[in-house]
Amino acid sequence: MVSMKDIAQRCGVSVASVSKALNGQQDIGRETRERILRAADEMGYLTNSAARALKTNRTYHIGVLFVDERRSGLAHEYFSAVLNSLKEEAEARGYDITFINRHAGNKPTTYLQHCRYRSLDGVIIACVDFSDPQVLELVDSSLPVVTIDHVFNNRMAVVSDNVSGTEALVRHVYEMGHRRIAFIHGERTAVTENRLIGFYRACEALEVEMPEEYVIEGVYHDPDRCGELTRALLELPEPPTCILLPDDFSAIGGLNAIQKMGLRVPEDVSVTGYDGIHLANVIHPRLTTYYQDTDVLGRTAASKLIELIEKPRTALPDRFLIPGALREGRSVLRLV
């Protein structure tokens, strides 16, 4: 039977440090914690979860509410990257991840009931309909909650800087000489509202006239629909020279539509994506896009939720804005 003392001797640390690492306490360096957890795993050490739960009044289980209307699930490249870094950070802190749904066993439940059924310590909410009554019930409950890319007044939130991201894209294509800039945005969400603010703010600052028909509501992560809208824009009497698409995956639909029309990217029309997923770097032409830091998003969400769980008296609801970066590809042509 492997003991904490055995792990401490192997790692060259104190038994107290091993205990802190195994119990997910914060006052220990991340590298030391990961080294201890790795050694414990390699040595076959298993904690008594029931005893730990009695001692700390926690189950060390975090819930993740992730509902993708396109049913792409973990094939959703952007959110799967966020969830992967979230999972890594949570596990490094001694917590396991459970996905929340509307069933407990074979019985239908609300999201909150499922959380209570699983005795979850807290929940991270991402990619859902934030106006869903069941989501609001969960947000208004006493359970610690962190939201990703949506802000509630009474909850911790981790959000990408979508305003600055869209501004950066508009300014970039403007500097490349484009003045007829169209924007196919996603369905109306908090993310979309912020991107529209960034788009119109940049256009106003650059004194770019924006025809009403150049701004169209599309659908996130839907290349077919965005392809149809791209074609509609290019069939206008005065088509745009550059089209901003809602995400990198949807941009594939735009690229396909342009190719089917016998046009070339970027020689005939330029396009940009959003998110900075790996796919944007390998498709041809390589997309100009705005990279969202999924690693920081996921790790911050996990660490802030654990802070709420472990230090409820001192952790205040706040908003954490995560910056990204413009990534220039070959899908935008310089006109001047």
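## Comments concerning the overall build of the chain
Phase 1 of the analysis: Regarding its fold elements, the chain presents 13 helices and 14 strands.
Phase 2 of the analysis: Relative to its 336 residues, the chain shows a buried fraction of 53%.
Phase 3 of the analysis: Taking the contacts inside the chain whose residues are at least 6 apart along the sequence as the reference set, 69% of them involve residues at least 24 apart.
Phase 4 of the analysis: Surface exposure of the chain reaches about 16400 Å², of which carbon and sulfur atoms provide 48%.
Phase 5 of the analysis: Taken as two groups, the 38 positive and 46 negative side-chain charges of the chain have centres that lie 7 Å from each other.

## Details of the sheet that holds strand β2 (residues 96-99)
Phase 1 of the analysis: Taken together, six strands build an open sheet; the order of strands is β2-β1-β5-β6-β7-β13 and the sheet is parallel. The open sheet is flanked by β2 and β13 (319-322), the only strands paired with a single partner. Going from strand to strand, the sheet's axes swing by 20 degrees on average, the running direction of each strand aside.
Phase 2 of the analysis: Summarising the sheet, strand β6 (residues 145-148) and strand β7 (residues 156-160) pair through three bridges and their orientation is parallel. The residue of β7 that forms the bridge with T147 is A157.
Phase 3 of the analysis: In this fold helix α5 (residues 77-92) packs onto β1 (61-66), β2, β5 (122-126), β6 and β7, with an angle of close to 175 degrees to the strand it touches most, β1.

## Regarding the packing of α5 against helix α13 (residues 294-310)
Phase 1 of the analysis: Orientation of α5 relative to α13, taken along the N-to-C sense of each, is 45 degrees, at an axis distance of 7 Å. Accordingly, the angle class assigned to the pair α5 and α13 is oblique. Handedness of the α5/α13 crossing: right-handed. Here Y78, A81, V82, S85, L86, E88, E89 and A90 of α5 lie close against α13, whose contacting residues are T294, D295, L297, G298, R299, A302, S303 and I306.
Phase 2 of the analysis: For the contact of α5 with α13, a count of residues per class yields eight nonpolar, four polar and four charged.

## Remarks on the packing of aromatic side chains
Phase 1 of the analysis: Following the criterion strictly, the structure yields seven aromatic pairs and no others.
Phase 2 of the analysis: Considering the side-chain rings of F66 and F79, the 5.8 Å spacing of their centres and the 50 degrees angle between planes classify their relative orientation as tilted. Of this pair, F66 sits in strand β1 while F79 sits in helix α5, placing them 13 residues apart in sequence.
Phase 3 of the analysis: Note on F66: relative accessible area 13%, which makes it buried.
Phase 4 of the analysis: Consider the rings of Y78 and F79, whose centres lie 4.9 Å apart with planes at 70 degrees: the pair is edge-to-face. An identical accessibility class is assigned to Y78 and F79; each is buried.
Phase 5 of the analysis: Three or more aromatic residues link up through ring pairs in this structure, and these residues are F66, Y78 and F79.
Phase 6 of the analysis: The ring of Y174 has R179 sitting right over it, with the charged end atom 3.6 Å from the ring centre.

## Brief notes about the sheet that holds strand β9 (residues 215-217)
Phase 1 of the analysis: With parallel pairing, four strands are arranged side by side in an open sheet as β9-β8-β10-β11. The two strands at the open ends of the sheet, each matched to only one other strand, are β9 and β11 (270-272). Here the strands of the sheet are splayed against their neighbours by 15 degrees on average, with no regard to which way each runs.
Phase 2 of the analysis: Note: strand β8 (residues 181-185) against β9, three bridges, orientation parallel. Looking across to β9, one finds that I184 is bridged to I216.

## Let's talk about the layout of surface pockets
Phase 1 of the analysis: Each pocket or cavity is described by its volume, and for the largest pocket that value is around 630 Å³.
Phase 2 of the analysis: As for the largest pocket, its lining consists of 28 residues, and the residues nearest its centre are F79, C127, V128, T189 and Y220.
Phase 3 of the analysis: No other element matches helix α9 (residues 190-205), which puts three residues into the lining of the largest pocket.
Phase 4 of the analysis: Considering only residue class, the lining of the largest pocket consists of eleven nonpolar, seven polar and ten charged.

## With respect to the pairing of β8
Residues in a regular strand point their side chains to alternate faces of the sheet.
Phase 1 of the analysis: The buried fraction of β8 amounts to five of the five residues, a majority that puts the element mostly inside the structure.
Phase 2 of the analysis: The alternating pattern of β8 places I181, F183 and H185 and A182 and I184 on opposite faces, both of which are buried.
Phase 3 of the analysis: Pairing between β8 and strand β10 (residues 242-244): three bridges, direction parallel. Bridged to A182 within β10 is I243.
Phase 4 of the analysis: Handedness of the β-α-β unit built from β8, α9 and β9 comes out right-handed.

Rules behind the numbers
- Residues numbered from 1 in each chain as written.
- Predicted model: local features only at pLDDT ≥ 70, side-chain atom pairs only at ≥ 80, totals over all residues.
- Heavy atoms only, no water.
- Helix = DSSP H or I, 4+ residues; strand = E, 2+ residues; numbered from the N terminus.
- Buried < 20%, exposed > 50% of the residue type's maximum accessible area, 1.4 Å probe, protein only.
- Contact = heavy atoms within 4.5 Å.
- Areas by Shrake-Rupley, 256 points an atom, 1.4 Å probe, with all protein chains shown as cover.
- Lys, Arg positive; Asp, Glu negative; His and termini not counted.
- Charge placed at Lys NZ, Arg CZ, Asp CG, Glu CD.
- Pairing = 2+ DSSP bridges.
- Axes fitted to C-alpha atoms, helices over the stretch in contact; angles between N-to-C directions.
- Parallel < 35°, antiparallel > 145°, perpendicular 65-115°, else oblique.
- Left-handed = near helix turned anticlockwise from the far one by under 90°.
- Nonpolar A, V, L, I, M, F, W, Y, C, P; charged D, E, K, R; others polar.
- Phe/Tyr/Trp six-rings, centres within 6.5 Å; stacked < 30°, edge-to-face > 60°.
- Lys NZ or Arg CZ within 6 Å of the ring centre and 35° of its normal.
- 1 Å grid on protein atoms, 1.4 Å probe; cavity = no way out; pocket = protein on both sides within 12 Å on 5 of 7 lines; lining within 4 Å.
- Points joined across faces, edges and corners; volume = space filled by probe spheres on them.
- Right-handed = clockwise from strand over helix to strand, strands pointing away.

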